Amino acid sequence: MHIAFFNPQGNFDPADSYWTQHPDFGGQLVYVKELALAMAAQGHRVDIVTRRIIDPNWREFSAPIDRYPDSDAVRIIRVPCGGDTFLPKEKLWAHLAEWVGNIVAFYAQEDALPEFVTTHYGDGGLAGVLFRGKTGVRFSFTGHSLGAQKMDKLHAGAENLAALDARYHFTERIFAERLAMNHASMIVTSTMQEKREQYAHRAYRGAVDPLGADEDRFVVIPPGVNRRVFSPEPGELDAAIGERLTAAIVRDIPPARRRLPLVLLSSRLDPKKNHIGVVQAFAESASLRAVANLAIVVRGVDDPLQQRAQLPPAERAILDEIVRVLDENDLWGAVTSFPLNNQHELAAAYRRAAARKSVFALTAHYEPFGLAPLEAMSCGLPAVVTRNGGPSESMIELSTRKKYGILVNPADPADIARGLMAALSPLSAWETLRAAGIERVTSRYTWERTAAGYIDAISAARHRVLQHGTLAIPPWFSDPRPENSIPLSELAHLYGTNTGN
Ligand code: F6P
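Calculation criteria
- Residues numbered from 1 in each chain as written.
- Predicted model: local features only at pLDDT ≥ 70, side-chain atom pairs only at ≥ 80, totals over all residues.
- Heavy atoms only, no water.
- Helix = DSSP H or I, 4+ residues; strand = E, 2+ residues; numbered from the N terminus.
- Buried < 20%, exposed > 50% of the residue type's maximum accessible area, 1.4 Å probe, protein only.
- Contact = heavy atoms within 4.5 Å.
- Areas by Shrake-Rupley, 256 points an atom, 1.4 Å probe, with all protein chains shown as cover.
- Lys, Arg positive; Asp, Glu negative; His and termini not counted.
- Charge placed at Lys NZ, Arg CZ, Asp CG, Glu CD.
- 1 Å grid on protein atoms, 1.4 Å probe; cavity = no way out; pocket = protein on both sides within 12 Å on 5 of 7 lines; lining within 4 Å.
- Points joined across faces, edges and corners; volume = space filled by probe spheres on them.
- Phe/Tyr/Trp six-rings, centres within 6.5 Å; stacked < 30°, edge-to-face > 60°.
- Lys NZ or Arg CZ within 6 Å of the ring centre and 35° of its normal.
- Pairing = 2+ DSSP bridges.
- Axes fitted to C-alpha atoms, helices over the stretch in contact; angles between N-to-C directions.
- Near = heavy atom within 4 Å.
- Polar contact = N/O pair within 3.5 Å; in protein donor to acceptor, adjacent residues only side chain to side chain.
- Parallel < 35°, antiparallel > 145°, perpendicular 65-115°, else oblique.
- Nonpolar A, V, L, I, M, F, W, Y, C, P; charged D, E, K, R; others polar.

Novice: I'm lost on the overall build of the protein chain in this one. Help?
Specialist: Scanning the protein chain from N- to C-terminus turns up 19 helices and 14 strands. Burial analysis of the protein chain (501 residues in total) assigns 57% to the buried set. A separation of at least 24 residues holds for 73% of the contacts in the protein chain among residues at least 6 apart in sequence. A total accessible area of about 20,300 Å² is found for the protein chain, and carbon and sulfur atoms account for 51% of it. The averaged location of the 57 negative side-chain charges in the protein chain is 3 Å from the averaged location of its 54 positive side-chain charges.

Here is the structure:
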C-alpha cells in the first residue's frame, strides 16, 4: 500500500534534529518516524508529509524531499505553506488550506495519489479533512494530545478564555479536532481510556460519539518501544554511564550504602510527574530506606541537587521542594542525582541500574500512555508506576490478571513504598518482574506490532461504508481570515464556558 502521513508541525530529517529541544519536536515525531519505518519494513511505501522551511535558523528542512538512511521506502516530503520561515504549531492553522492545495499539486505531478492518509494532531487532522474533500482519499486521525484536555489542564474559563485562545489558538484547534474526528474513517488511540475519556469530552459532542454511534471507527493501537535503543543487551555507552553513576554514588552516598539497589526517577522535572511522592515514600518507610537509595536524573547539570540554582525556575522549584523533604527527614546519604542527556545515555543507565537489581519509578498523578516505564522494562529494569492512566492497561493483562509491573497510588506515599518494596525484594520477585517486563515489551509494545495494527485497521477502514463526515468546514479554514478574527463565542459555546457545564 502507498500511505501518506500528514504531520505539518515540527519537521523530520535523517539526523532527528531538534528532538526534545523544541516543544514541536517531541514524542509525536518519534511516533510518526518509527511507525513509518516499521510500515515500510512490512512492504509498504510511506510518505511523511511535512512543511518545507527555508530559514537560516532551521537549515535542515529546506530540501523538498529527504530520506532516512535505513529505508528507501520512506520519503520525507516537504511541502511549502505560509512563507519560508519556521512557524510554531500554534501559527500553522491559517496556512493549512494552502498546504493541502500544494500536497494535491505534488501528487498530481507524480500522477499517483496515496491510497490512505494517516493524520497526526489536530493540524494534521484538519489537513486530512481538506485533502479528502479534494481527492476522496480516506484518512485516520491520531490525536496525540487533544486541545480540550489541554484547556482543562490550563483551567480554561470565561475569565481567561480570550488570553488562552490568543496564545494557544484553541478555537482553531478544537474546530480542527472536531472536523478530523467527524470525517476520519478511523480514529487511533493508544489506550482504551484515551478513547473512553478524552474523546467523550463535552467539547467534542456532536462531532464524535466514542461510546455509541462511532465506536466502530475507533481502534486502540499502543505505540512501541524503540528497541534499537532500549534493549537489555549491553551498549557502547554502558561503561561511561556506569562510571558517571558510580561517581555520583561515591559523591553522595556513604560507603555502607553504596551497593544498595537504586530507585531511579528519570522523568523530566514537571509537577505532574510527582517526584515528591517517591521522596515522601522514602521519608515514611524505614524498610524502603534499608534496601535502596534514591537516584534522581536531571538533564544538564552535574550535581543537580546541589547546583539547582543553575536550572530554570520551574525545575528548580521542584528540586527545592525535594531538598526540603530531604532536610526535614534527614534523608541525605540515601539520595543521589546525576545528569543523562539523551535516550542512549538513558538506556545505558537503565541497564547499569538493572545490574544493581534496581527499579524504575514513575508516580505521575496521571500518565496518558506511559512509554517511559516500558522503555525501562525493555532494558531489564522493573517498573513501579502510577495506577492512573495508561499504565493500568500496560502493566496488567486484563484477561489473565498477569502483572508486568507494579501499580501504585501516586497520592499515597505508603502505597508507593509498598510497591517499591514489592519490586525490590525478595530478589526472586525482582527477577520475575524483570523477565515479565522484557516479555511484555517484546510481545506487545513494538513498532512492528503498531504498524501491523495500523495496516489491518486501514485495510478495514478503506472498505467500510461511510456514515460520517457530516460537520461542515467553517469558511475560515478554507479561506482563512486574519488571525484573531474568529469569534471566541464559538469556542466558549463548544467548551461550555458560557453555560457553566
Ligand atoms: O511531539 C510533541 C507532542 O507530543 C505533540 O503531540 C504535541 O505537539 C505536543 O507534544 C503536545 O501538544 P499540546 O501541548 O499542544 O497539547
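Now that the structure is up, let's keep going.
Novice: Would you take a moment to explain the layout of surface pockets for this structure?
Specialist: If a probe the size of a water molecule is rolled over the atoms, the empty space left behind becomes visible. For the second largest pocket, the calculated volume is near 370 Å³. Lining the second largest pocket are 20 residues, and of these Met192, Val220, Glu393, Arg444 and Tyr445 lie nearest its centre. Put simply, the parts of the chain that give the lining of the second largest pocket at least two residues each are helix H7 (192-198), helix H14 (391-394), helix H16 (427-444) and helix H17 (447-463). It is H17 that provides the largest number of residues to the lining of the second largest pocket, a total of three residues.

Novice: Sorry if this is basic, but what is going on with the side chain of Thr363 here?
Specialist: With respect to the helices and strands, Thr363 occurs in the loop between strand E12 (359-362) and helix H13 (371-378). The contact partners of Thr363, leaving out residues within four places of it in the chain, are Lys273, Asn274, Val278, Thr386, Val408, Pro410 and Ile416.

Novice: So what exactly am I meant to see when it comes to the packing of aromatic side chains here?
Specialist: Using the criterion set out here, one finds 20 aromatic pairs in the structure. Arranged with centres 6.5 Å apart and planes meeting at 65°, the rings of Tyr107 and Phe131 form a pair that is edge-to-face. A residue pair is termed long-range when its members are at least 10 positions apart, and Tyr107 in helix H2 (residues 96-110) and Phe131 in helix H3 (residues 121-135) qualify at 24 residues. Of the two residues, Tyr107 and Phe131, neither departs from the other in class, the shared state being buried. Through a chain of ring-to-ring contacts, three or more aromatic side chains come together here, namely Phe6, Trp99, Phe106, Tyr107 and Phe131. Positioned above the aromatic ring of Tyr495 is the side chain of Arg202, whose terminal nitrogen or guanidinium carbon lies 4.6 Å from the ring centre.

Novice: Explain the sheet that holds strand E11 (residues 335-338) to me, please; I cannot follow it from the model alone.
Specialist: Strand pairing in a sheet takes place through backbone hydrogen bonds and is either antiparallel or parallel in direction. Pairing in this open sheet of six strands is parallel, and the strands run E11-E10-E9-E12-E13-E14 from one edge to the other. Sheet topology places E11 and strand E14 (406-408) at the edges, where each strand pairs with a single neighbour. Taken pair by pair, the neighbouring strands of this sheet meet at an average axis angle of 25°, ignoring direction.

Novice: When you look at the site of the ligand in this model, what are you seeing that I'm missing?
Specialist: Around the ligand, a shell composed of Gln9, Pro23, Gly26, Gly27, Gln28, Lys89, Tyr121, His144, Ser145, Lys150 and Arg173 is seen. In the model, an oxygen atom of the ligand is placed 3.3 Å from a nitrogen or oxygen of the Gly27 main chain. A distance of 2.9 Å separates an oxygen atom of the ligand from a polar side-chain atom of Arg173. In isolation the ligand has 390 Å² of accessible area, and contact with the protein removes 80% of it.

Novice: Please clarify how the sheet that holds strand E2 (residues 45-51) should be interpreted in this entry.
Specialist: The mixed open sheet is built from eight strands, whose spatial order is E3-E4-E2-E1-E5-E6-E7-E8. What marks the edges here is a single partner per strand, and that holds for strand E3 (65-68) and strand E8 (218-220). Averaged over all pairs of adjacent strands, the angle between strand axes in this sheet comes to 25°, irrespective of strand direction. Packing of helix H6 (residues 170-183) onto the sheet brings it into contact with strand E6 (139-142) and strand E7 (186-189), and relative to E6 it is tilted by some 135°.

Novice: How do you make sense of empty space enclosed by the protein when you look at a structure like this?
Specialist: Summed over the entire model, instances satisfying the criterion amount to three cavities of 30 Å³ or more. Considering the residues around the second largest cavity, the lining is formed by Lys89, Glu90, Trp93, Tyr121, Lys150, Tyr168 and Arg173.

Novice: Would you mind going over the packing of helix H9 (residues 275-284) against helix H15 (residues 413-424) with me for this structure?
Specialist: In a packed pair of helices, the relevant descriptors are the angle between the two axes and the axis-to-axis distance. Axis separation between H9 and H15 bottoms out at 8 Å; the angle between their running directions is 80°. Taken together, H9 and H15 sit at an angle that is classed as roughly perpendicular. Seen from H9, the contacting residues are Gly277, Val278, Gln280, Ala281 and Glu284; seen from H15, they are Pro413, Ala414, Ile416, Ala417 and Leu420. Of the residues contributing to the contact of H9 with H15, the split by class is seven nonpolar, two polar and one charged.

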